[in-house]
Amino acid sequence: MAASVLSMLAFPESFTVTELLMASAVFCLVFWIIESYTQRVPKGLKSPPGPWAWPLIGNILTLGKNPHMALAQLREKYGDVMQIQIGSTPVLVLSGLETIRQALVKQGDDFKGRPDLYTFSLITNGHSFTFSADSGEVWAAQRKLAQSALKTFSVSSSPSSSSCYLEEHVHKEAEYLIQKFLEQKGHFDPFRYVVMSVANVICAICFGKRYDHENQELLSIVTLSNKFGEVVASGNPADFIPVLQYLPSSKIAAFKDLNEKITNFTQKLVKEHYKKFEKGCIRDITDSLIEQCQEKKLDENANVLMSEKKIVNTIIDVFGAGFDTVTTAISWSLMYLVAKPEIQKMIQEELDMVIGRERLPKLSDKPQLPYMEAFILETFRHSSFLPFTIPHRKIWGDPSVFRPERFLSADGTINKALSEKVIMFGLGKRKCIGETIGRWEVFLFLAILLHQMEFSVPSGVKVDLTPIYGLTMKHAPCEHFQAKLRS
Ligand code: HEM
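Residues numbered from 1 in each chain as written. Predicted model: local features only at pLDDT ≥ 70, side-chain atom pairs only at ≥ 80, totals over all residues.

The name recorded for the chain in an unreviewed UniProt entry is Cytochrome P450 1A, from Vombatus ursinus. Per UniProt, the chain carries the Cofactor (unreviewed entry) text "heme". (UniProt positions renumbered as here; feature names shortened; annotations may be inferred.)

The structure is reproduced here in structure tokens:
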């Protein structure tokens, strides 16, 4: 077909088809380079300052393997508002608490979007409200739906006890986790058990289901989540050099495959829920989403129409975001506790004084445990495991020192103004919808674990606290943990 069309065109005989194709490829390349250098700022305005960028690849080489650190260095030279180039895409980089607040809070509507990246479009077949480029009415309605369903099945009171659903789930899982730790002979890596316990909490909220720690299906999903974070955090060349989307890539193929596995896992559970669904007996978030589909009572005021697929797929966003972050926070906390046994001791003394040895910690004890709270804030700040929350000297004075006391006022209570400078859950219109759940869950798991157990590493073992870049940054695996019951 192509040949017959070409033969109908009157090209001079001296050009072959190959030469013509070569010429058009060169033309496209030159056009693309010029295009990527063309200023996209309105007339009369200037681009923000930033480093010189290479044609086609932009500043990819400068960003390297630890873009969060490279950007912190560039900020020293170019200031709080700078522009870099990733591939052919210009990217605005904001630093400093005040600049970030100005953009995300005061100009929230302008900054609520997500980049329209090829890899993001592969997540939940483009239905994810966390990753899709849509930030209009449908996104807002989907986010609101998720927020309200989450609230109903986590922080609301459970009819079967005096506590909330979340507290019930965490109590149960923390007790299983302690058993698992005690079963380990000698040294072990706690991460694999922590991730299963935290995943079970979100499974209870989303699907009303718990899995055994040895369950291979859940284990493979939570392991995949790590790989997901690696791709999403650093982007893929195809996100920034669009032509690469059409070339075969083993990384993209693996990313598609893992998204398909996560989608299949949740869709299986959704199907089971459809079969057993009973109006008037809403057991978990999946049931409540199905109810929304059936009653079409979604955001009647805003008149937003959302497809059933989109409503049900909301579960994938909630499930996916609900365990990796909390697991990472608990896992970093355990690392600091064994690296700094004197801090572990002080938390345990506070727990014993406030709670005693006769009962387990509860969520309602939180305000009476300021040192524990200060420890969690310091873990968030120091690990900054969400890579773009790097602690700066300007705010903290001694950012690299791990010192929970920095968050305590002279009277021993939490310094609220300072605690609000730890922006671990984002700001503005995209702020985390699981913040309360995340904070409560990390607190309760740690309070129960430390009330019941003592953690250590053998003397001479140095704990490696270097973060590994990803959507949530992990520490290197540590197989040297020892855990014993406290007397
Ligand atoms: C320690 C725990 C957690 C941390 C540190 C954390 C942090 C964050 C951050 C930084 C964002 C991105 C904000 C932005 O884009 O500007 C986010 C978004 C999100 N989080 Fe969390 N999170 C945690 C726990 C949770 C939990 C438990 C859930 C759900 C059960 C959850 C659900 C979500 C969702 C759905 C979004 C996407 C919101 C949107 O794009 O509109 N998070 N979280």
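On we go from here.
Moving on to the overall build of the chain. From N to C terminus, the chain includes 19 helices and four strands. Relative to its full complement of 487 residues, the chain shows a buried share of 33%. Relative to all contacts within the chain whose residues are 6 or more apart in sequence, the contacts with residues 24 or more apart total 69%. (Helix = DSSP H or I, 4+ residues; strand = E, 2+ residues; numbered from the N terminus. Buried ≥ 20, exposed ≤ 12 C-beta atoms within 10 Å, placed from the backbone. Contact = placed C-beta atoms within 7 Å.)

So, about the nonpolar core. In terms of nonpolar packing, the biggest core is built from 78 residues, with C206, I285, I330, F445, L446 and A447 touching the most fellow members. In terms of residue count, the dominant contributor to this core is helix α14 (residues 308-339) (16 residues). Among all residues touching F445, those that are not within four sequence positions of it are V170, A174 and I330. Counting residues in each nonpolar core, the second largest holds eight residues, with L74, M82, I84 and F240 among its members. (Core = buried A, V, L, I, M, F, W, Y, C linked by C-beta atoms within 7 Å.)

Here we come to the site of the ligand. Of all residues adjacent to the ligand, which total 25 residues, the nearest are G322, G426, C432, G434 and G438. Among the elements of the structure, α7 (137-152), α14 and α19 (435-452) are those that each provide at least two residues to the shell around the ligand. Top element by residues in the shell around the ligand is α14. It accounts for seven residues. Its residues assigned to classes, the shell around the ligand comprises 15 nonpolar, six polar and four charged. (Near = placed C-beta within 6 Å. Nonpolar A, V, L, I, M, F, W, Y, C, P; charged D, E, K, R; others polar.)

With that out of the way, let us pick up the environment of T472. Positionally, T472 belongs in the loop between β3 (453-456) and β4 (482-485). For the pair T472 and E230, spaced 242 residues apart in the sequence, the C-alpha separation amounts to 8.5 Å. For T472, the contacting residues outside a window of four places in its chain are G229, D324, T325, T328, F385 and L386.

The subject of this paragraph is the environment of E405. Counting through the fold element by element, E405 comes out in the loop between α17 (393-396) and α18 (416-419). Taking the number of C-beta atoms within 10 Å as the measure of exposure, E405 has 12 and is therefore exposed. Separated by 35 residues in sequence, E405 and P370 have C-alpha atoms that sit 9.7 Å apart.

Even without a glycine there, the phi angle at L56 is positive, about 70°. Position of L56 among the secondary structure elements: in the loop between α2 (17-37) and α3 (60-63). For L56, a count of 15 C-beta atoms within 10 Å puts it in the partly exposed group. Of note in the backbone geometry, N125 takes a positive phi value of approximately 50° without being a glycine. Mapping N125 onto the fold places it in the loop between α6 (118-121) and α7.

As annotated in UniProt, the feature "binding site: heme" (unreviewed entry) corresponds to C432 in the numbering used here. Tracing the chain through its elements places C432 in the loop between α18 and α19. Those residues in contact with C432 that lie beyond four places of it in its chain are F425, G426 and G438.

The subject of this paragraph is helix α15 (residues 341-355). The end-to-end C-alpha separation of α15 is 21 Å, in line with the 21 Å expected for 15 residues at 1.5 Å each. Where α15 is concerned, the buried positions are Q344, I347, E350 and L351. All buried residues of α15 project into a common sector of 125° when viewed along the axis, lining one side. Among the exposed residues of α15, those oriented more than 90 degrees off its buried face are E342, E349, D352 and M353. On its buried face, α15 is in contact with α14, α16 (370-383), α19 and β3. Note on α15: the residue one or two positions beyond its end, G356, has a positive phi of about 80°. (Expected span 1.5 Å × (residues − 1). Arc of directions from axis to C-beta.)

Moving on, we come to the packing of helix α8 (residues 165-183) against α19. Close contact between α8 and α19 brings their axes to 10 Å; oriented N to C, the two are set at 40°. By crossing handedness, the relation of α8 to α19 is classed as right-handed. Across the interface between the two elements, L166, E167, V170, A174 and I178 from α8 touch I437, W440, E441, L444, F445, I448, L449 and Q452 from α19. (Axes fitted to C-alpha atoms, helices over the stretch in contact; angles between N-to-C directions. Left-handed = near helix turned anticlockwise from the far one by under 90°.)

Looking now at the packing of helix α9 (residues 191-207) against α14. Between α9 and α14, the least distance of the axes is 9 Å, while the angle of their chain directions is 145°. Our pair here, α9 against α14, has a crossing hand that is right-handed. Of the residues in α14, those in contact with F191, V194, V195, V198, A199, I202 and C206 of α9 are I315, V318, F319, G322, F323, V326, T327, I330 and S331. Here the contact of α9 with α14 is composed, by residue class, of 13 nonpolar, three polar and no charged.

Moving on, we get to the confidence of the model for the chain. Mean pLDDT over the chain stands at 88; residues scoring 70 or higher make up 90%. Under a pLDDT of 50 for its full length, residues 1-13 has, in the predicted model, two contacts with residues more than four places off or in other chains. (pLDDT = per-residue confidence, 0-100.)

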